Amino acid sequence: MREQEGLRILDIGPTSSTNINFLTAMGHSVYMANLVEDVADPKWIRSEADAPFPTEDFIRENLDFGERLFDTVLFWDTADYFPSELRTAVVRRIHEVMQPGGQLLAFFHVKPESGLQRYHLRDDGQVDTQFAAEAEVRNTMTNRQIEQLFHEFASYKFFLAKDNLREVIVTR
């Protein structure tokens, strides 16, 4: 992100003024989408336990970016808080709205935890966390499941991160 100016960045997580300031100071435009908060909205909760999540409606309402395509997506640990059918659909939609060669950063929990974190980018390349809201990780994924989730992308690279998170860099 430091090598280019004018990137379009999609930050999918709790809104961070730190990230907005950090990215816009580098000359990038930022679009924010807090999907974990959106999925918890009562209108998406089904009264019957076996009723399917209204995935298409959710995608249409929360991930319509018009004609915008993004160079970078900060997906954070968002996928861990979704029902599996929504997780797959969101990743498919992200693939559609990313520029070829674009990159995505995602974190995945190694073990179930509670508490949604807000992630803050720093000048030294590190990321700080801050408690954002009560939320339960719905399920943790294996490396193979993560590979399958991003199967439409050109490549992915796994890194072992701290604090029981796996870091994955994905290229469109």
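In what follows, the structure referred to is the one given above.
Here is a short report on the structure shown in this document.

Conventions used here
- Numbering of residues starts from 1 in each chain and follows the order in which that chain's sequence is written.
- Predicted model: local features are reported for residues with pLDDT of at least 70 only, side-chain atom pairs are reported and counted for 80 or more only, and whole-chain, interface and lining totals are derived from all residues.
- Each side-chain value is worked out from all heavy atoms of the structure, with water and hydrogens disregarded.
- Each pair of aromatic rings taken from Phe, Tyr and Trp, with Trp reduced to its six-membered ring, is defined by centres within 6.5 Å and is described as stacked if the planes are under 30 degrees apart, edge-to-face if over 60, and tilted in the remaining cases.
- Relative accessibility under 20% of the residue-type maximum defines a buried residue, over 50% an exposed one, and the middle range a partly exposed one, all with a 1.4 Å probe and only protein chains included.
- Secondary structure is summarised from DSSP: a helix means a run of H or I of at least four residues, a strand means a run of E of at least two, and numbering begins at the N terminus for each.
- Two strands pair under a simple rule: DSSP has to find at least two bridges between them.
- A crossover counts as right-handed when, viewed with the strands pointing away from the observer, the path leading from the first strand over the helix to the second turns clockwise.
- What counts as a salt bridge is simple: a side-chain nitrogen of Lys or Arg found within 4 Å of a carboxyl oxygen of Asp or Glu.

1. Some words on the packing of aromatic side chains
Right, on to step 1. One pass over the structure, following the stated rule, counts 12 aromatic pairs.
Right, on to step 2. Pairing Phe65 with Phe70 gives two aromatic rings, centres 5.1 Å apart and planes at 85 degrees, and the pair type is edge-to-face. An identical accessibility class is assigned to Phe65 and Phe70; each is buried.
Right, on to step 3. Ring geometry for Trp76 versus Tyr119: centroids 5.0 Å apart, planes at 10 degrees, classification stacked. With Trp76 in strand β3 (residues 70–76) and Tyr119 in strand β5 (residues 114–121), this residue pair connects regions lying 43 residues apart in the sequence.
Right, on to step 4. Here a set of aromatic residues connected by ring pairs shows up, and it is made of Tyr31, Phe65 and Phe70.

2. Looking at the environment of Met26
Right, on to step 1. With respect to the helices and strands, the residue Met26 is situated in the loop between α1 (17–25) and β2 (29–33).
Right, on to step 2. Residues Met26 and Glu5 lie 21 residues apart in sequence; the distance between their C-alpha atoms is 6.6 Å.

3. Brief notes about the pairing of strand β4 (residues 98–109)
Right, on to step 1. As judged from the five bridges shared by β3 and β4, these two strands associate in the parallel manner. Across the sheet, the residue bridging to Trp76 is Ala106, located in β4.
Right, on to step 2. Read as a crossover between parallel neighbours, the route from β3 over helix α4 (residues 84–97) to β4 is right-handed.
Right, on to step 3. The pairing of β4 with strand β8 (residues 165–171) spans seven bridges and is antiparallel. Looking at β8, one finds that Phe107 is bridged to Glu167.

4. Structural notes on the pattern of salt bridges
Right, on to step 1. Under the defined criterion, the tally for this structure stands at six salt bridges.
Right, on to step 2. Where Glu96 meets Arg93, a salt bridge forms, and the shortest distance between an N and an O atom there is 3.0 Å. Here the residue Glu96 and the residue Arg93 both occupy positions in helix α4, the gap between them amounting to three residues, near one helical turn.
Right, on to step 3. By relative accessible area, Glu96 is classed as partly exposed at 45%.
Right, on to step 4. The buried category is assigned to Arg93, whose relative accessible area is 18%.
Right, on to step 5. Members of the salt-bridge network, linked through shared partners, are Arg122, Asp124 and Asp128.

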